[in-house]
Amino acid sequence: MLKVLFVTSEAEPFAKTGGLADVSGSLPKALRNEGCDVRILLPFYRTVREQGLNYELLGEDVEVTLGDRRITGDIRGLLVWENDFPVYFVQKDEFYDREFLYGIPKGDYFDNAERFIFLSKMVLPLCEKVGFAPDIIHCHDWQTGLIPVYVKTVFRNSAFFSETATVLSIHNIAYQGIFDKGLFAQTGLAPALFSPSALEYWGGINFLKAGLVFADIITTVSKKYSQEIQTPDYGYGLDGVVRDRSRDLYGVLNGADYEEWNPATDNVIASRYTSDDLSGKVKCKQDVLRAFKLSRKMNMELPLVGIISRLVDQKGFDLVVEVMDELMKLNCSLVLLGIGDRRYNELFATVAKKYPKRIGLKLGYDRVLAHKIEAGCDMFLMPSRYEPCGLNQIYSLKYGTIPIVRATGGLDDTVQDFDLLSGEGNGFKFNAYTGTELLAAIKKAIKTYNEKERWRQLMKNAMAADFSWERSAKRYVELYHRAISKTRPAG
Ligand code: ADP
Ligand code: GLC
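Residues numbered from 1 in each chain as written. Chains lettered and ligands numbered in written order. Predicted model: local features only at pLDDT ≥ 70, side-chain atom pairs only at ≥ 80, totals over all residues. Heavy atoms only, no water.

The subject of this paragraph is the layout of surface pockets. The calculated volume of the second largest pocket comes to roughly 430 Å³. Of all the secondary structure elements, the ones that give two or more residues to the lining of the second largest pocket are helix H11 (279-291) and helix H19 (452-464). When its residues are assigned to classes, the lining of the second largest pocket shows seven nonpolar, one polar and seven charged. (1 Å grid on protein atoms, 1.4 Å probe; cavity = no way out; pocket = protein on both sides within 12 Å on 5 of 7 lines; lining within 4 Å. Points joined across faces, edges and corners; volume = space filled by probe spheres on them. Helix = DSSP H or I, 4+ residues; strand = E, 2+ residues; numbered from the N terminus. Nonpolar A, V, L, I, M, F, W, Y, C, P; charged D, E, K, R; others polar.)

Strand order in the open sheet formed by nine strands is S3-S4-S5-S2-S1-S8-S9-S13-S14, and the pairing between neighbours is mixed. At either end of the open sheet lies a strand with only one pairing partner, and these are strand S3 (56-66) and strand S14 (249-251). Adjacent strand axes in the sheet meet at a mean angle of 25°, parallel and antiparallel pairs treated alike. In this structure, strand S4 (residues 69-81) lies alongside strand S5 (residues 85-91), joined through six bridges in antiparallel fashion. Residue pairing in the sheet places Asp-74 in a bridge with Gln-91 of S5. Together, strand S1 (3-7), strand S2 (37-43), S5 and strand S8 (136-140) form the strand contacts of helix H1 (residues 19-33), whose direction differs from that of S2 by roughly 160°. (Pairing = 2+ DSSP bridges. Axes fitted to C-alpha atoms, helices over the stretch in contact; angles between N-to-C directions. Contact = heavy atoms within 4.5 Å.)

With that out of the way, let us pick up the pairing of strand S17 (residues 359-363). Judged from the five bridges that link them, strand S16 (residues 333-340) and S17 form a sheet pairing that is parallel. Across the sheet, Leu-337 pairs through a bridge with Lys-362, a residue of S17. After leaving S16, the chain enters helix H14 (residues 342-354) and then returns to the sheet as S17, a path that is right-handed. (Right-handed = clockwise from strand over helix to strand, strands pointing away.)

This paragraph deals with the domain arrangement of the protein chain. With domains assigned, the protein chain is organised as domain 1 (3-255 + 470-487) and domain 2 (279-465). Tallying the contact residues gives 19 residues for domain 1 and 18 residues for domain 2. Carbon and sulfur atoms make up 53% of the area that domain 1 and domain 2 hide from each other, which totals about 1500 Å². If you sort the residues of domain 1 by the area they bury against domain 2, Lys-224, Tyr-234 and Leu-253 come out on top, with a joint share of 27%. Remark: the boundary between domain 1 and domain 2 carries one salt bridge. For the interface between domain 1 and domain 2, the tally reads twelve residue pairs in polar contact (both at pLDDT 80 or more). Mapped onto the side of domain 1 that touches domain 2, the elements with two or more residues apiece are H1 and helix H8 (223-228). The element best represented in the side of domain 1 that touches domain 2 is H8, accounting for four residues. When its residues are assigned to classes, the side of domain 1 that touches domain 2 shows seven nonpolar, seven polar and five charged. (Domains from an automatic or database assignment. Buried area = accessible area lost by both parts, 1.4 Å probe. Salt bridge = Lys/Arg side-chain N within 4 Å of Asp/Glu carboxyl O. Polar contact = N/O pair within 3.5 Å; in protein donor to acceptor, adjacent residues only side chain to side chain.)

In the region of ligand 2, 14 residues are neighbours, and His-171, Asn-254, Glu-387, Cys-389 and Gly-390 sit closest. The contact in question runs from an oxygen atom of ligand 2 to an N or O atom on the side chain of His-171, over 2.6 Å. In this structure, an oxygen atom belonging to ligand 2 sits 3.0 Å away from a side-chain N or O atom of Gln-314. Here ligand 2 has 310 Å² of accessible area as a free molecule, and 92% of this is covered by the chains. Tallying contributions element by element places H1 first for the shell around ligand 2, with three residues. Broken down by class, the residue content of the shell around ligand 2 amounts to six nonpolar, six polar and two charged. Two domains each donate at least three residues to the shell around ligand 2, and these are domain 1 (3-255 + 470-487) and domain 2 (279-465). (Near = heavy atom within 4 Å. Areas by Shrake-Rupley, 256 points an atom, 1.4 Å probe, with all protein chains shown as cover.)

Right under this line is the structure:
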């Protein structure tokens, strides 16, 4: 049985800021179904404590060094999470018992380097304590970028890690964990590793770069994004490093957890429905209009466009704001759930005020409302500047809520532009990052919406899409074996 330690900085239902939590909450289950002995590790954040579960104390005052300091933390665990596998936590309240995961809305926590060096260093004592010698450590994003370095250097001396291979998944290359070079000493790594071919990056240190250089296999969450990040436009300064590793880089599309996102079984939406009986979707539309206090009389017949998102530059909302007046002339309504950078919070608050009868806005995070939007809208908008995979368009397809997306990353890999002649396709796509192209895609969507038979066909196409995890989990298992074969040469 392949032993996999899955180290992540967020996982449903314990801690979430975005799609990484969806992935970490559902991929391990799928790996388990493929026969892996998978276990998860994440920090014991405040939101973890607040779940109030029976976390067992597995190790007390476990010590690691950070620079010249000896720091202790506890190891906790749920020994069988959801009748399935263990989830471990590193508890150090001084680091993780905070309101947010990575920083307050205005900026990152000042000690993020220490917080994630500590997590990474605790991997070894954790495995020793629980008697788990992983074949694979599967790391995610910059927060775990140092682990492949430790596995290839200081952890190698432990019997537990003598044959361990590492896989690093990039969920977003724009976030890299860049810190001042003064913090290098905290890593405890040999000074020679502060070099351009290892951790050094424009005079500082870069955790994601470290992972990219040292992991045996690198993956990212769609094929298209795996190509894009090799170019300067999408590589955020690391495209050269990624190109150097292109032989070991694979795009593995994220899956969806259809136990959570399925209109036939969803228990928070107003009425369940299937592609054979769509009548429930009408009730869901009424329900979401009600939730946003939009008049049903005025909006029920209009196409309703939904957005659920972190409001950050990545997501392309400057285009939406740019075309808002034109959009409102097209006779549609819009509901938006999101929170993020102040600039976007304010921009959307302004347009919502200008069109109070047609735009519903909730600035915040709301899991239940996210389900209601997926179920109650006719269309879902994701005009992202870049999108490593994107999950909401995948959920939208299942709910028959037609995605309108920019052809980038996972959006390009999961959405096929609807062809009016053949009736094939599951959504609408545009290429150039311009308001004009976005508007043209929305116009095409609305025109199609008004041809009821065509729209029904499109909904059926969308709902037939199957992005369950099984296929991708099988692919990860293949890549785990490939990583192992690199650390344990045959013979
Ligand atoms: P990203 O990880 O870049 O934010 P994804 O599309 O991969 O984008 O995943 C976003 C996840 O976070 C989805 O599960 C989505 O429903 C959820 N989400 C984002 N913003 C909100 C919000 N304001 N309220 C509820 N859920 C949200
Ligand atoms: C990141 C990306 C998103 C992806 C998610 C999960 O947050 O922005 O596109 O779906 O990770 O892999």
